[in-house]
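These are the residues of each chain, in order.
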Amino acid sequence: MPATIQERKLDRLFTILDTDNNGYIEQSDFELFAAKVIDGAGAKETPEARIVRRQAASFWSTLSEALDADGDERVSRDEFASTADLEPVLDAAIKLGVSARDVTDIDHDGRISLSEWVTLDAMLGIPRTDSEEGFHALDTDGDGFVSQPEYVRGVEQFFRSEDASAPGNWAFGKF
């Protein structure tokens with residue numbers, strides 16, 4: 001049976017979050033994720049970097065509490081597949097996403113340019129063509145930037161929408 005859109009999107013996000021590629025998401029994966037985002041933005045010890053680290057730790061805590069069914073301090077791909085139905089996990093994912101978006105706003109103009117977007121995605125291993133397509137999908141007003149409301153709407157669609165054409169499906173690259 002072919003995977004649903006939601007299953008494909010969550011599988012994609014799992015792959016991004018499993019930074020050491022061991023088949024599980026662990027606390028160290030979130031620490032490395034935060035480091036990649038911060039390094040990509042050149043934001044080493046800024047207030048925004050501290051927020052990204054704090055949100056990554058919070059997301060890990062929420063995710064492991066909600067989904068680590070066997071208590072082994074890691075979340076398997078199967079355990080992660082149930083994420084779409086859990087509000088606390090969704091809220092934590094959005095907060096981490098917004099903080100990553102904010103630190104990626106290198107010029108601090110309140111919006112993400114294509115260049116800033118592609119820089120972040122490159123740090124996360126998302127190919128440039130997928131990154132550009134995702135950027136244009138999330139730039140729903142066509143102004144050449146992804147605003148915070150556009151990003152939040154996109155992440156919510158990523159987790160909740162079964163609509164294959166929803167712009168948020170591209171929030172984390174090609175699914």
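Residues numbered from 1 in each chain as written. Predicted model: local features only at pLDDT ≥ 70, side-chain atom pairs only at ≥ 80, totals over all residues. Heavy atoms only, no water.

(A) Just the overall build of the protein, in detail. For the protein, the count of helices and strands is eight helices and four strands. Ordered by position from N to C terminus, the α and β elements of the protein give α-β-α-α-β-α-α-β-α-α-β-α. Relative to its length of 175 residues, the protein is compact, with a C-alpha radius of gyration of 15 Å against a globular reference of 16 Å. In terms of overall dimensions, the protein has a C-alpha envelope of 45 × 40 × 25 Å along the principal axes. Buried residues in the protein amount to 48% of all 175 residues. Within the protein, contacts between residues separated by at least 24 positions form 58% of all contacts whose residues are at least 6 apart in sequence. Carbon together with sulfur atoms contributes 51% to the accessible area of the protein, which is approximately 8,400 Å² in total. (Helix = DSSP H or I, 4+ residues; strand = E, 2+ residues; numbered from the N terminus. Rg over C-alpha atoms; globule rule 2.2 N^0.38 Å. Buried < 20%, exposed > 50% of the residue type's maximum accessible area, 1.4 Å probe, protein only. Contact = heavy atoms within 4.5 Å. Areas by Shrake-Rupley, 256 points an atom, 1.4 Å probe, with all protein chains shown as cover.)

(B) A look at empty space enclosed by the protein. Applying the stated rule across the entire model yields two cavities of 30 Å³ or more. Roughly 190 Å³ of volume is contained in the largest cavity. If you go around the largest cavity, you meet 16 residues; those closest to its centre are Phe33, Gly97, Leu124, Tyr151 and Phe172. Contributing elements (two or more residues each) for the lining of the largest cavity: α1 (5-17), α5 (87-104) and α6 (114-123). (1 Å grid on protein atoms, 1.4 Å probe; cavity = no way out; pocket = protein on both sides within 12 Å on 5 of 7 lines; lining within 4 Å. Points joined across faces, edges and corners; volume = space filled by probe spheres on them.)

(C) Molecular detail of the packing of aromatic side chains. Per the counting criterion, the structure on display carries six aromatic pairs. A centroid spacing of 6.1 Å and a plane angle of 65 degrees characterise the contact between Trp117 and Tyr151, whose relative ring orientation is edge-to-face. Note that Trp117 is positioned in helix α6 and Tyr151 in helix α8 (residues 148-160), a separation of 34 residues in sequence. Residue Trp117 is classed as buried on the basis of its relative accessible area, which comes to 5%. The exposure class assigned to Tyr151 is buried, which follows from its relative accessible area of 8%. By the ring-pair criterion, three or more aromatic residues cluster together here, those being Phe30, Phe59 and Trp60. The ring of Tyr24 has Arg74 lying over it, and the distance from NZ or CZ to the ring centre is 3.5 Å. Above the face of the Phe145 ring, Arg111 is positioned so that its terminal group lies 3.5 Å from the ring centre. (Phe/Tyr/Trp six-rings, centres within 6.5 Å; stacked < 30°, edge-to-face > 60°. Lys NZ or Arg CZ within 6 Å of the ring centre and 35° of its normal.)

(D) Broad picture of the nonpolar core. If you look at the biggest cluster of nonpolar residues, it comprises 46 residues, and the most contacted ones within it are Ile25, Phe30, Phe59, Leu63 and Phe80. The set of elements that each furnish at least two residues to this core consists of α1, α2 (27-41), α3 (47-67), α5, α6, α7 (128-138) and α8. In terms of residues, this core owes the most to one element, α5, which gives nine residues. (Core = buried A, V, L, I, M, F, W, Y, C linked by side-chain atoms within 4.5 Å.)

(E) Region of interest: the pattern of salt bridges. The tally for this structure, following the rule as stated, stands at eight salt bridges. With a closest N to O distance of 2.7 Å, Arg160 and Glu87 form a salt bridge. Of this pair, Arg160 sits in helix α8 while Glu87 sits in helix α5, and the two are 73 residues apart along the sequence. On the basis of relative accessible area, Arg160 is assigned to the partly exposed category, the value being 43%. Among the ionic pairs, Arg128 bridges to Glu132, the shortest N-O distance being 2.7 Å. Of the two residues, Arg128 and Glu132 both sit in helix α7, four residues apart, roughly one turn of that helix. (Salt bridge = Lys/Arg side-chain N within 4 Å of Asp/Glu carboxyl O.)

(F) Geometry of the confidence of the model for the protein. With 97% of its residues at a pLDDT of at least 70, the protein reaches an overall mean of 89. Taken element by element, the predicted model of the protein shows its lowest mean pLDDT in α5 (85) and its highest in strand β1 (residues 24-25) (96). (pLDDT = per-residue confidence, 0-100.)

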